[in-house]
Amino acid sequence: MQATHSDNPKKYDLPKGYEFAEVERRWYTRWLADKTFSARMDEGKPAFAIVIPPPNVTGVLHIGHALNNTLQDLLVRYHRMRGDNTLWVPGTDHAGIATQNVVERQLASEKLSRHDLGREKFIERVWAWKEEKGGTIINQLKRMGASCDWDRERFTMDDGLSQAVREVFVRLYKEGLIYKGDYIVNWCPRCHTALADDEVEHDPTDGKLYHIRYPYADGSGQVVVATTRPETMLGDTAVAVHPDDERYQHLAEIGISLPLTGRTIPVVFDHHVQREFGTGALKVTPAHDRDDYEIGLRHDLPRLKVMDDRGVMNEAAGPYAGLDRFACRKRVVADLEAAGLLGKIEDYQHAVGKCYRCATVVEPTTSKQWFVSVRPLADKAVAAVQQGRINLYPNTWYRTFYSWMENIRDWCISRQIWWGHRIPAWTCEGCGQLIVEVDAPDVCPFCGSTRLFQENDVLDTWFSSALWPFSTLGWPEQTRELATFYPTSVLITSFDILFFWVARMMMMGLHCMDEVPFRDVYLHALVRDKHGKKMSKSTGNVIDPLVMIEQYGTDAFRFTLTAFAAQGREIRMDEERIDGYRRFINKLWNAARFAQMHLASADPAITALAADPKRLGLAHRWILSRTNATIGEVRAALDGYNFNEVAQANYRFVWHEVCDWYLEWIKADLSGEDAAARDQAKAVLLTVLEQVLKLMHPVTPFVTEEIWSQLPGARGSIMVESFPETNPAWEDEEAENTMNLLMGVISGVRTIRTEAEVHPSARIEATLICPDPDKRRLLTEFGPGIQAMVRASSLAIVESGQVPDDAGHGLVQEVELVVPLKGLIDVAGELDKLAKERSKLEKELERVVGKLGNEQFMRNAPAAVVAKERDKEAEIRSRLTKTIESTERLSKLR
RNA sequence: GGGCGAAUAGCUCAGCUGGGAGAGCAUCGGCCUUACAAGCCGAGGGUCACAGGUUCGAGCCCUGUUUCGCCCACCA
């Protein structure tokens, strides 16, 4: 009777296909209920801590988060299984500008602005939004299987964290490392706030370069200046030329008559000006250009602001007041044209700074802002990295890190928005003194006035996230968490926030805690589409992690991300790969089903048999040796953050060693009559399966937990099982060599079968000709196994013999494989192949012989390499002989 | 302008300190062989971008070239 899939439904406890959706839901709920993710702080155990890069509270899980959190979870689960005191702190970032924008948009749909509500009501509204919508990404992280200690979830505007922010601010202020001043900053006219330098993105943009004639004040001539922003000329307060430029020396006395305004402005001499560029003359607008600002400082030029916060021209722009800056540009150009002062207009591509939040063209402008003097802090960070107290992975980042830190500029930390940590500084209306304190003062300590007004500005979002590694652990309180888990072990993040965030955490951690915030930094790549393009909504190439999870399951998705995470390599996500790994998860599932058939009634204590492999059969010794090797590989890969190797080692082992060979090999024993053989097989099968599940658990938590729970015996969560360790007793080179021989012979016979198109279920008669007595003994010993694997009705193992003319023939490790095939051979095809084989072997032989005949090689190459070449020569020669014999034999059949 | 990275099978990628080129997918052939057709057994397919160099030996090290990508930068 032919068995079908519906037969014996009771034979399997596990469903035929892996049903990930139900399993994932069930186990995550259970893990949460059992608090399996909760950090422990046991005495005497090493600590392993990761703080999550807090996603924006407005965030929606994208594939970058998915990668980032998969890698973190991988390490956290690994260390938890190793028995470390393991903590993964989750949380979200209040994301000042981003969040304020979201709520403002919401208000706009009600035809309201934040000003209609006023500051207090607006902030209430943001909190309300956060309560309602802010948990989105946290729930999505849970879908990813993230094993964060959720009871310790933090938000950068929590009371505790806000306290930490004020403490640090006040401390830095009192140390003179925070100052307030009127400087040029990047201003976003749409967000109405200053931006830090790295919050400005420079896009190459097609624009125009306008050449404008500036007449000399005495009318004796003119100088041409070029600009991409003609409207800023209204704020020009000088023209600059190079000090050594003979063309303009005489202008020092004369000055320039600024067109459209009639103002007279001086000519200044500054080394910044490039003589070769354009006419060598540069218009100077200190209030609206960063370089011009510097020139202005050097020459004590007035700073004339001609725009307001919205990018609209102000009264200083005279007749242009009230015009938007871009409208003004057109008008200025038209007026210059009319006045005959406009020179050529060139197409010009240049980098235009845009707001990283809303892509509005940033306006450099002077404004009163708060800054951090980063030099002393940066020096500490650089020193810590140089001393190896912080390691960067991949190490290609060191150079970039150092060069960035060398050129770092003071950090503008004030933002003119409402959502964020309000700067803890008050101005006394009585005496005008500035008071900076952690807690709001009631009276002015200088004059006793009670009329104190707090700063309106809030802090840059990155200020609070810079404190994240210690603020989340309770600082400034000296908590047990802080003592146990600071410094944290590793930070895993995307390289694009190395400077926004990572460098600043180093600075703040070293300064405030006097200790690094983390020992290792692993910087992963950006996830791109399979063609290497950035994913973006407009391109339409976005891969949504949640869709992937629904389609392929979380484990398959996680496995894919892990497999792609090779150091120093960009990730080109390909949905087909996810599908491939989904099949792998299913393969594991089915291997477990198979095991379960035989293990369901087994006593888990039988695994004790595997402790002493010397008494076990070959295949068992082999798979234990391979298990041992795989454990070593996986651990090394995890310890070195070589995530792709973790995936690869597991994949290879499970599919190509356990499933392809081991399970097939032991089928006979499992269903055979020999009770001792059966017990061995069960014992090792269970042992290997346990090891596999543990090895894979950090990558694929759900399927491994589900299978684990079904194994015989009472079992707790696999999450708290101990991670596999290499076991020297399992290492067995001899078993590996023998199995390699057997597997080679089996594959060789299968090739003969397939090429002759022997039906897979047909039995063949096979002969192995093996002159080597040791190998012959092994082949004889394991003959029944070989016979089963190649579906032979008979298997003869002989020392020597003739190969019949019509036999299929192969050669593996000096063993001749002979399968009589009675006319099934495709003679012409085989002869073709043999000819190809022959020429290939001859070429190889030539190379090897040449090498061995080379004195230099013989002198310089290590003995092992020489010996290997000798073996190779012998092997090639014997293969060549056999190939020629086969050719002759087959030729007769033609 | 400076810096970094990449180029290996049709596609996506491994290849760790130099010692006989690999995987998955795709392609071709054959199979429902009772864990898995989401599978099994096989096959074909590569001038390791190009040119030099070092070496007994180079996908790997060095130099240069080309192409692509990214980061940083005050040439209006």
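Residues numbered from 1 in each chain as written. Chains lettered and ligands numbered in written order. Predicted model: local features only at pLDDT ≥ 70, side-chain atom pairs only at ≥ 80, totals over all residues. Heavy atoms only, no water.

**Some words on the protein's contact with RNA strand B**
Residues in contact with RNA strand B amount to 69 residues; listed here are only the nearest, Lys-16, Gln-274, Tyr-348, Arg-569 and Arg-572. For RNA strand B, the backbone makes up 64% of the atoms found within 4 Å of the protein, where backbone means sugar plus phosphate. Ala-591 places a main-chain nitrogen or oxygen 3.2 Å from a base nitrogen of RNA strand B. Taking Gln-648, its side chain carries an N or O atom lying 3.0 Å from a sugar or linking oxygen of RNA strand B. Considering every element that reaches the surface near RNA strand B, the biggest residue donor is helix H19 (residues 575–599), with eleven residues. Looking at side-chain class alone, the surface near RNA strand B contains 22 nonpolar, 19 polar and 28 charged residues. (Near = heavy atom within 4 Å. Polar contact = N/O pair within 3.5 Å; in protein donor to acceptor, adjacent residues only side chain to side chain. Helix = DSSP H or I, 4+ residues; strand = E, 2+ residues; numbered from the N terminus. Nonpolar A, V, L, I, M, F, W, Y, C, P; charged D, E, K, R; others polar.)

**Concerning the sheet that holds strand E7 (residues 200–215)**
Pairing is antiparallel in the open sheet, where three strands are placed in the order E8-E7-E14. Two strands close off the open sheet at either side, each with one partner strand: strand E8 (222–227) and strand E14 (342–355). Across the sheet, the axes of successive neighbouring strands diverge by a mean angle of 20 degrees, strand direction being ignored. (Pairing = 2+ DSSP bridges. Axes fitted to C-alpha atoms, helices over the stretch in contact; angles between N-to-C directions.)

**Thoughts on unusual backbone geometry**
Following Tyr-393, the chain continues into Pro-394 via a peptide bond in cis, with omega recorded as -10 degrees. Mapped onto the fold, Pro-394 is located in the loop between strand E16 (391–393) and helix H12 (397–406). The amide bond that connects Trp-475 to the next residue, Pro-476, takes the cis arrangement and shows omega of 10 degrees. Tracing the backbone through its elements, the reader meets Pro-476 in the loop between helix H14 (468–471) and helix H15 (480–485). Of note in the backbone geometry, His-192 takes a positive phi value of approximately 55 degrees without being a glycine.

**Some remarks on the pattern of salt bridges**
Applying the stated rule across the entire model yields 50 salt bridges. Between Asp-236 and Lys-283 there is a salt bridge, with its nearest N and O atoms 3.0 Å apart. Of this pair, Asp-236 sits in the loop between E8 and strand E9 (238–241) while Lys-283 sits in strand E13 (residues 281–284), placing them 47 residues apart in sequence. Of the two residues examined, Asp-236 and Lys-283, each falls in the buried class. Notably, a salt bridge pairs Lys-694 with Glu-721, separated by 3.8 Å at the nearest N-O pair. Taken together, the residues span a long stretch of sequence, with Lys-694 in helix H22 (residues 675–696) and Glu-721 in the loop between helix H23 (701–710) and helix H24 (733–755) at a distance of 27 residues. Residues joined in a network through salt bridges with shared partners are Arg-626, Glu-633, Arg-652, Glu-657 and Glu-736. (Salt bridge = Lys/Arg side-chain N within 4 Å of Asp/Glu carboxyl O. Buried < 20%, exposed > 50% of the residue type's maximum accessible area, 1.4 Å probe, protein only.)

**Overview of the packing of helix H18 (residues 554–564) against H23**
Axis separation between H18 and H23 bottoms out at 7 Å; the angle between their running directions is 130 degrees. Taken together, the axis directions place H18 and H23 in an arrangement best described as oblique. Taking contact as the criterion, the partners of Thr-554, Asp-555 and Arg-558 in H18 are, on H23, Pro-701, Phe-702 and Val-703. Taken together, the residues that form the contact of H18 with H23 break down as three nonpolar, one polar and two charged. (Parallel < 35°, antiparallel > 145°, perpendicular 65-115°, else oblique. Contact = heavy atoms within 4.5 Å.)

**Comments concerning the nonpolar core**
Counting residues in hydrophobic clusters, the biggest one holds 210 residues, and the most contacted among them are Phe-463, Met-506 and Met-573. Per-element tally for this core: the top contributor is helix H21 (residues 643–670), with 15 residues. Not counting chain neighbours up to four residues away, the residues in contact with Met-506 comprise Ala-381, Val-385, Ile-390, Leu-392, Phe-401, Pro-517, Phe-518 and Val-521. Among the nonpolar cores identified, the runner-up in size contains 29 residues, and Tyr-210, Val-241, Tyr-248 and Met-307 belong to it. (Core = buried A, V, L, I, M, F, W, Y, C linked by side-chain atoms within 4.5 Å.)

**Let's talk about the side chain of Arg-889**
Structurally, Arg-889 can be placed in helix H29 (residues 863–893). Buried Arg-889, no salt bridge; nearest opposite-charge side chain is Asp-805, N-O distance 4.9 Å. If near-sequence neighbours (up to four positions away) are discounted, Arg-889 is found in contact with Val-803, Pro-804, Asp-805, Ala-807 and His-809. (Lys, Arg positive; Asp, Glu negative; His and termini not counted.)

**Quick word on the pairing of E7**
Within a regular beta strand, the side chains point alternately toward one face of the sheet and then the other, so they alternate between its two faces. Where E7 meets E14, twelve bridges bridge the pair, whose relative direction is antiparallel. Opposite Asp-203, over in E14, you have Val-352 as the bridge partner. Pairing between E7 and E8: six bridges, direction antiparallel. The residue of E8 that forms the bridge with Tyr-210 is Thr-227. Connecting the antiparallel pair E7 and E8 is a turn made up of six residues, with Gly-219 showing a positive phi of about 75 degrees.

**Description of the environment of Arg-331**
Relative to the elements of secondary structure, Arg-331 occurs in helix H10 (residues 325–339). By relative accessible area, Arg-331 is classed as partly exposed at 42%. Residues in contact with Arg-331, not counting those within four places in the same chain, are Tyr-320 and Leu-323.

Honestly, that's just the spatial picture; any functional story needs more than this.
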